[in-house]
Amino acid sequence: MASVMEAFNASTTSSPDTIRATIASTSGGNLSGVLGNISFFSVFFTLFALAVAYDQIQYWRLKGPLAGQPFKIPFLGPFHESVKPSFAKYYAKWLSGSLSCVSVFHKFVIIASTRDMARKVFNSPAYVKPCVVDVAHKLLRPENWVFLDGKEHVEYRKGLNGLFTRQALETYLPGQQEVYREYFDEFLLMTQEKEGKAQPFVYMLRELMCAVSCRTFVGHYMSREGVKRIADDYYNITAAMELVNFPIIIPFTKTWYGKKAADKVIEAFANCAAKARVRMRKPGAEPECILDRWLEHMIQSDRYRERVAKGEEIPSDEKPAMLLRNFSDFEISMTIFTFLFASQDATSSACSWMLQLLADRPEMLEKVREEAKSIRADPSKDVTLDMLENMPWTRACVKETLRYRPPVIMVPYLVKKDFYIAEANYTAKKGSMLIPSTWLSLHDPEAYPSPDVFDPERWISGTAEEQGKNWLVFGTGPHYCLGQTYATLNLMCFLHMLASELEWEHEITPTSEEIRVFATIFPQDDLRLSFSRRNEVAVGA
């Protein structure tokens, strides 16, 4: 009996340990089996699916009632459209609603298409600030004045206003004319080399406008070879200025080449500033370019402060109109770079379309020549500001070109803080890009009857001059284009001189009227032209 009970006790005493061991082995086997079935790829795809869902939900949250695609391509969005922008797709987007949207990579982009929506953005500095394009901070440098905001921007801008007065603009004209005549000879030589046949001229016009800008901004401190290098480098900078890019600069991409080119351009302008600083301190030095004039204002401000520090009583008429601090060569260089950025692409676009539109309408071009002859009968004489101000038809042709084919079709801004837009019952979230478009306001049939017709006469006998709210070519609000008068007069001078001295013919192709977007807009066929010397000019010579 005892043996039986001992056997029973022994078996019952070891039972819990056995059970626990059995359970442990079973549990361990199940867990390892479960973990064995969870592979790296299943975890990856689960996380990827969650990320896609989050990206889509974020898009819907930001989109709200705006016009736009109901679904976003995960993470990328329509990035391919940013790489190869299509004017037709932009136009469809503008027509889709006063506010529409798109999301590319990490950026949510809101497009303000109508006149009133565009003006609201331009005139809301408390909520938005210029960002140019997504990569611009890296190329132009984040400390560049163009990205300044509020009072700091206003004060900086005041110091630049003196560079674009009537007196200042008059001093820039001789250098501009010198460059134009050099390139007119280039136009003739290019045509002769092609035996009179038409060839693409968009790229030569880009180089020309770069050369004119450089002569206006930095004068003779940069050689012709230096200007050519700037023009070549600037093409890479423009190519990098896509609306939205990869968040980082990847080697051997457009943004990488653009950054390298931008660094070289800024260094070149800094060298020009150093040379100008030495020259403008010499007795009797007169300003010949924007760089000279800006340094002259700084030197005058320094001398005024020195006199005040010595305790002199200075008559009020001897105080500089604007007291400037002493900007470094690097600061000057960055500012000149933004001037080039603002002028070169826009004027290249405008003059390309202007030559095409007038060549295809010889009766309008003839009126330019008649006006030119009545004001400056001898084409070898210099053009003056008084002459340009008395050319209403030439001015009308320039303004109608800018309206009909506005070089800058969109102006990107960054939302600084949540921006409620009552007209759309929508709040643009902080960090979004908000982009006013100029196209629809400049093609508004109520402001410009028959807006898709090129008609310079509307600026003389029509009501085009009265449509100030629609005239958004140079923007509006606190960040309107500082050089708009300079740009208009520069284009007038170019058209007046070219029409006086050369003939040009345009070879019309099936894509001549189609629009190619490359930062600004150009004819799709790259503007096929040929040039010849005008007979009366040749005889006179």
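Conventions used here
- The numbering scheme is per chain: residues are counted from 1 as the chain's sequence reads.
- With pLDDT at 70 or above as the cut-off, local features in this predicted model cover only qualifying residues; side-chain atom pairs require 80 or more to be listed or tallied, and sums for whole chains, interfaces and linings still use all residues.
- Processing note: side-chain calculations cover all non-hydrogen atoms of the structure and skip hydrogens and water entirely.
- Secondary structure elements follow DSSP: runs of H or I no shorter than four residues count as helices, runs of E no shorter than two count as strands, and numbering proceeds from the N terminus.
- Burial classes: relative accessible area under 20% of the type maximum marks a residue as buried, over 50% as exposed, and values in between as partly exposed (1.4 Å probe, protein chains only).
- Pairing between strands is defined by DSSP: at least two bridges between the two strands are required.
- Among buried residues, the Ala, Val, Leu, Ile, Met, Phe, Trp, Tyr and Cys ones that are joined through side-chain atoms within 4.5 Å form a nonpolar core.
- The contact rule is simple, with two residues in contact once any of their heavy atoms fall within 4.5 Å.
- In what follows, salt bridge is the name for a side-chain nitrogen of Lys or Arg lying within 4 Å of a carboxyl oxygen of Asp or Glu.
- Expected span of a helix, by definition, is 1.5 Å for each gap between consecutive residues, and there is one gap fewer than residues.
- Each C-beta atom gives one direction from the helix axis, and the arc is the one those directions make.

**Examining unusual backbone geometry**
The bulk of non-glycine residues show a negative phi, and the bulk of peptide bonds are trans.
And step 1. Phi at Phe75 is positive, roughly 70 degrees, even though this residue is not glycine.
And step 2. By the secondary structure assignment, Phe75 is in the loop between α2 (40–63) and α3 (79–83).
And step 3. Its relative accessible area of 32% is what places Phe75 among the partly exposed residues.
And step 4. Here the phi dihedral of Asn425 falls at roughly 50 degrees; this positive angle occurs in a residue that is not glycine.
And step 5. Its place among the elements puts Asn425 in the loop between β6 (419–421) and β7 (426–428).

**Here we look at the pairing of strand β2 (residues 107–112)**
And step 1. Along β2, 6 of the 6 residues are buried, which leaves the element largely enclosed by surrounding structure.
And step 2. Of the two faces of β2, the one carrying Lys107, Val109 and Ile111 and the one carrying Phe108, Ile110 and Ala112 are both buried.
And step 3. Looking at chain direction, strand β1 (residues 99–104) and β2 are connected through 6 bridges and run antiparallel. Paired with Ser103 across the two strands is Phe108, which belongs to β2.
And step 4. Turn length for the β1-β2 hairpin, with the two strands adjacent in sequence and antiparallel, is 2 residues, and the turn residue Phe105 shows positive phi of about 55 degrees.
And step 5. As defined by bridge partners, β2 adjoins strand β8 (residues 433–436) across 4 bridges and the pair is classed as parallel. Residue pairing in the sheet places Val109 in a bridge with Met433 of β8.

**A look at the nonpolar core**
And step 1. Within the largest apolar cluster, 138 residues are counted, with the highest numbers of intra-cluster contacts made by Phe187, Leu291, Phe494, Trp504 and Phe531.
And step 2. Considering every element that reaches this core, the biggest residue donor is helix α13 (residues 329–359), with 13 residues.
And step 3. Apart from residues lying up to four places away in sequence, Phe494 is in contact with Tyr180, Phe184, Leu205, Leu208, Met209, Cys351, Met354 and Leu355.

**Brief notes about the side chain of Ser301**
And step 1. In this fold, Ser301 is placed in helix α12 (residues 290–309).
And step 2. Assessed through its relative accessible area of 0%, Ser301 is described here as buried.
And step 3. Ser301 has contacts with Pro320, Met322, Leu323 and Leu324, leaving out every residue within four places of it along the chain.

**Here we look at the pattern of salt bridges**
And step 1. Enumeration over the complete set of coordinates arrives at 36 salt bridges.
And step 2. A salt bridge links Glu312 to Arg307; its shortest N-O distance comes to 3.0 Å.
And step 3. Glu312 gets classed as partly exposed once you look at its relative accessible area, which sits at 39%.
And step 4. Between Glu503 and Arg369 there is a salt bridge; the shortest N-O distance is 3.3 Å. With Glu503 in strand β9 (residues 502–506) and Arg369 in helix α14 (residues 362–375), this residue pair connects regions lying 134 residues apart in the sequence.
And step 5. With relative accessibility at 30%, the residue Glu503 sits in the partly exposed group.
And step 6. Classification of Arg369 by relative accessible area gives buried; the value is 8%.

**Looking at α14**
And step 1. Helix length check: α14 (14 residues) gives 20 Å between terminal C-alpha atoms against 20 Å at 1.5 Å per residue, within 8%.
And step 2. When α14 is considered as a whole, its buried residues turn out to be Met364, Leu365, Val368, Arg369, Glu371 and Ala372. Each buried residue of α14 lies within a common arc of 160 degrees when the element is viewed along its axis, so the set occupies one face. Of the exposed residues in α14, those oriented more than 90 degrees away from the buried face are Pro362, Lys373 and Ser374.
And step 3. On the buried face of α14, the contacting elements are α13, α16 (392–404), α18 (484–501) and β9.

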